[in-house]
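A look at the structure
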Amino acid sequence: MQRSLNIDPGKCTGCRQCEMACSYENEKVFNPSKSRIRVFTFDAEARFVPYTCTQCAEAWCMRACPVDAIRINLGTGAKEIHNDVCVGCKVCTIACPFGTVNYNADTGKVMKCDLCEGDPACAKACPTAAITYVDANWTGLDKMRMWAAKTDSAMTAN
Amino acid sequence: MGWAGKILRVNLTAGTVKSEPLNMEWAQRYLGSRGLGTKYLMEEIDPRVDPLSPDNKLLFATGPLTGTMASTGGRYTVITKGALTGAIACSNSGGFFGNELKNAGWDMIIVEGRAASPVYLHVENQTARLLPADDLWGTSVWHTEEAIKAKHHDPQIRIASIGVAGEKGVKYACVVNDLHRAAGRSGVGTVMGSKNLKAIAVRGTLGVRIKDFDAFFRATEAAKAVLAGNAVTGQGLPAYGTQVLMNVINESGAMPTRNHRDIQFEGAHKISAEAMAEKRPTDGKANLARNGACFGCTIACGRISQIDRTHFSVKDKPQYWGASGGLEYEAAWALGSNTGVDDLEALTYANFICNEQGMDPISFGATVSAAMELFEIGAITTRETGGIELRFGSAEALVKLAELTGKGEGFGAEIGLGSRLLTAKYGHPDLHMGVKGQEFPAYDSRGIQGMGLTYATSNRGACHLRSYTVASEILGIPEKTDPLATDGKAGLVKAFQDATAAFDSAGICIFTSFAWTLQDVAPQVDAACEGDWTVEKMLEVGERIWNLERQFNLAAGLTAKDDTLPKRLLKEAAKTGPATGRVNDLGKMLPEYYALRGWSPDGVPSNETLARLAL
Ligand code: SF4
Ligand code: SF4
Ligand code: SF4
């Protein structure tokens, strides 16, 4: 079964454990600036929003890459960067409508979320379950359950 | 590893910056942050120096766990000789600045001298520059952060700065980072202002390395599970913040009220955590918007609050309508119970101003309350206050004085003196409620005896964060002791002081100690750092740091005479609550404490003690 990252900003406290976990997983160092997931703080609105690649089925980044460096991992469905192929042209960073592919000046390659081969470090590190790794076909289940709980069984359509 | 291995030395007089290797031998003996910074300060300045002279130095120090996945590992400390106290000052802050500094590859910044005109320090990884700050001088912390990010086209810069309070010499000015996190006490921001240093702006992308990742991951995971499973760190703090204490301490009869004249506040329920979470009738919103975390913290005690837009304090001031750092227990107490004000929105506004202009809400609130007492006994009148009716309970007076003091204007300039100088100026030094010039925090030591000894012996002046015996005496952590008893408190205070120094020096938040002991911390430090970091070594380092701070103070001219409490707490009995009829029995605890410490009856560490600690 394919799985997806499911992000619930309402639960996020802005602690950045996810960013550290992601940077360690990918770079073997604690370095939030190298994290594939970023947490945004909207201070005056009291909101924290974690944001990363949603692994589009028809991925713009993958289609834009002139050298085929971005490929689908058939197991996880992740669009993965192949560093040995990537030439660092950054076309994918322009193509992605969400900004979730970014250039890494230290390596001369791009970086994006690859779902950690099906074992996402960010989700494991998150203390509030703001990031979970759920059935890709049922990312709406939590919200459905929430609304279901609010629905009065005695209520009828008429 | 754990340490970055580098110090950035900035000389403001000469306008130079340079990189130096960290003294790794000292790192083994003082760990980092509080301990290591104090060692550097002790070696580099004459403790008798005037805190506001160019010869004083100002250190920004991270710990070995800062910037790692250890829970709460994002903290830094500002160390200097305190402007408020003339004693060692060491103020700890969370937020995101500490991690950024460590990620830029620095364990510490040492600031020396004084700039001829206002400057800020811009650090981008291993490059550091001093830049003019004339256009930032005279502006708030909030404006400074925004302006620096805009100027460098980089929203990811993290900034620690002073507001107008620090520029104007308010004695208890703080260094504020990330808009509302502060190295709050003892006037560390005042020292920064005296150096003409407006801000330190950092962007760090180098990463933090540790010794043994597998062991580190195991240790941090286990320690995080301890925090999550603990009632205080797993439930109380995330839900209520430190404000969880308001009703508890009030019921214990240990809530200083109206400059410590009373010991319980009738309005406590109106300014408590529960009140913050209640929906307001005016706009249907609660004061508390949500909780937020400092970098790396799995507790997330931070309060993010919004003020009622129709409240008199913010009407027509849209800049205060957004959410920002809300009331922690200390601020709610100092601005509220201690001034007799029970208007939650007014307190939140005064707290916003403290963040915006960079001043310590504890010392500010306590100085206002001392001024209110001076006013009520007729020692000052509206002539001195510039027309302000300075009565206990007046939200209008509190709000007005927050605005004036933040900018060092009018009677606010006198409130900015702190309560020791203010009460002395008007002939009533006995009304200064503090130790070594620093105002008390939110626990009355008549109702919690151990806190009297804590305050009297705290190296940075009255403070709850040096040995929080409230944990034992009220909350029963790690075990319950009787708050009204003095027996055993000397040992309790010493044990808390030594362990706390070790926690602080690791780069983590002391709130973890509601759940963690050094048994939880040592394995994390050991996996991150070279050296054999056992619980025993951590404790020894903690005790060494405590004695080093003491040596600094003795060399600065403080003596055992300064290890005391105001007459009010030693002579005037508590009027209500469980402690009715009690004063603080400091005299019963202090000699035993000196003996346990291995100090002479005059409070001087003996030669054997110094030799044992290799000092
Ligand atoms: S799944 Fe892995 S790569 Fe993607 S954001 Fe999470 S930790 Fe980073
Ligand atoms: S780890 Fe979870 S709570 Fe912390 S910042 Fe990331 S998503 Fe938010
Ligand atoms: S417990 Fe609170 S103060 Fe401490 S690091 Fe966490 S959020 Fe910050």
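Residues numbered from 1 in each chain as written. Chains lettered and ligands numbered in written order. Predicted model: local features only at pLDDT ≥ 70, side-chain atom pairs only at ≥ 80, totals over all residues. Heavy atoms only, no water.

1. Observations concerning the interface of chain B and chain A
What counts here: Between two residues, a contact is recorded if the distance between any of their heavy atoms is within 4.5 Å. The term buried area denotes the loss of accessible surface (1.4 Å probe radius) that occurs when two parts are joined, taken as the sum for both partners. The working definition used for a salt bridge is a side-chain nitrogen of Lys or Arg within 4 Å of a carboxyl oxygen of Asp or Glu. In the analysis that follows, any N or O atom pair within 3.5 Å is treated as a polar contact, provided that within protein one partner can donate a hydrogen and the other can accept it, and provided that, for residues neighboring in sequence, both atoms belong to side chains. Only DSSP runs of H or I reaching four residues or more are called helices, and only runs of E reaching two or more are called strands; each is numbered from the N terminus. Throughout this entry, Asp, Glu, Lys and Arg are counted as charged residues, while Ala, Val, Leu, Ile, Met, Phe, Trp, Tyr, Cys and Pro are counted as nonpolar. The remaining residues, Gly among them, count as polar.
Facing the 38 residues of chain B at the interface are 25 residues of chain A. Contact between chain B and chain A buries roughly 2100 Å² in total, counting both sides, with carbon and sulfur atoms accounting for 59%. Our count for the contact surface shared by chain B and chain A stands at zero salt bridges. At the surface where chain B touches chain A, the tally comes to ten residue pairs in polar contact (both at pLDDT 80 or more). Elements that contribute at least two residues to the side of chain B that touches chain A include exactly α3 (97–103), α7 (213–229) and β13 (288–292) of chain B. Counting residues per element, the side of chain B that touches chain A draws most heavily on β13 of chain B, which supplies four residues. Each residue belonging to the side of chain B that touches chain A can be placed in one class, and the counts come to 17 nonpolar, 16 polar and five charged.

2. Concerning the site of ligand 3
All names here are of chain B. To keep things clear, this is the line we draw: Here a residue is near a molecule or strand as soon as one of its heavy atoms is found within 4 Å of it. Start and end positions for the domains come from either an automated domain assignment or a database one.
In the region of ligand 3, the neighbouring residues are T72, R75, R181, A293, C294, C297, I299, A300, C301, G302, C509 and F511. Tallied by class, residues from the shell around ligand 3 come to eight nonpolar, two polar and two charged. Lining the shell around ligand 3 are residues from two domains, each supplying at least three of them: domain 1 (6–203) and domain 2 (243–438).

3. Structural notes on the side chain of H464 of chain B
All names here are of chain B. Selection criterion: Relative accessibility thresholds used throughout: buried, under 20% of the residue-type maximum; exposed, over 50%; partly exposed, between the two (1.4 Å probe, protein chains only).
Relative to the helices and strands, H464 resides in the loop between α18 (449–457) and α19 (470–473). Residue class for H464 comes out buried when judged on its relative accessible area of 8%. In this structure the side chain of H464 is engaged in a polar contact, spanning 3.4 Å, whose partner is the side chain of E330. Discounting chain neighbours no more than four positions away, the residues touching H464 are E330, I362, P441, Y443, M451 and Y455.

4. Some words on the confidence of the model for chain B
This is how the line gets drawn: As a per-residue measure, pLDDT tells how confident the predictor is, with possible values from 0 to 100.
Mean pLDDT for chain B: 98, with 100% of residues reaching 70 or above. Reported confidences for the modelled complex are a pTM of 0.97 and an ipTM of 0.95.

5. Notes on the domain arrangement of chain B
Residue and element names in this part refer to chain B. Once the domains are mapped, chain B shows domain 1 (6–203), domain 2 (243–438) and domain 3 (447–514 + 534–612). Of the residues lining the interface, 36 residues belong to domain 1; the matching set on domain 2 comes to 38 residues. Approximately 2700 Å² of surface area, both sides summed, lies buried where domain 1 meets domain 2, with 59% of it carried by carbon and sulfur atoms. Summed over the shared surface of domain 1 and domain 2, the number is one salt bridge. Its salt-bridge partner being D360, residue R185 comes within 2.9 Å of it at the nearest N-O pair. For the side of domain 1 that touches domain 2, the elements supplying multiple residues, two or more each, are α4 (141–151) and α5 (164–167). Looking at which element gives the most residues to the side of domain 1 that touches domain 2, the answer is α5, with three residues.

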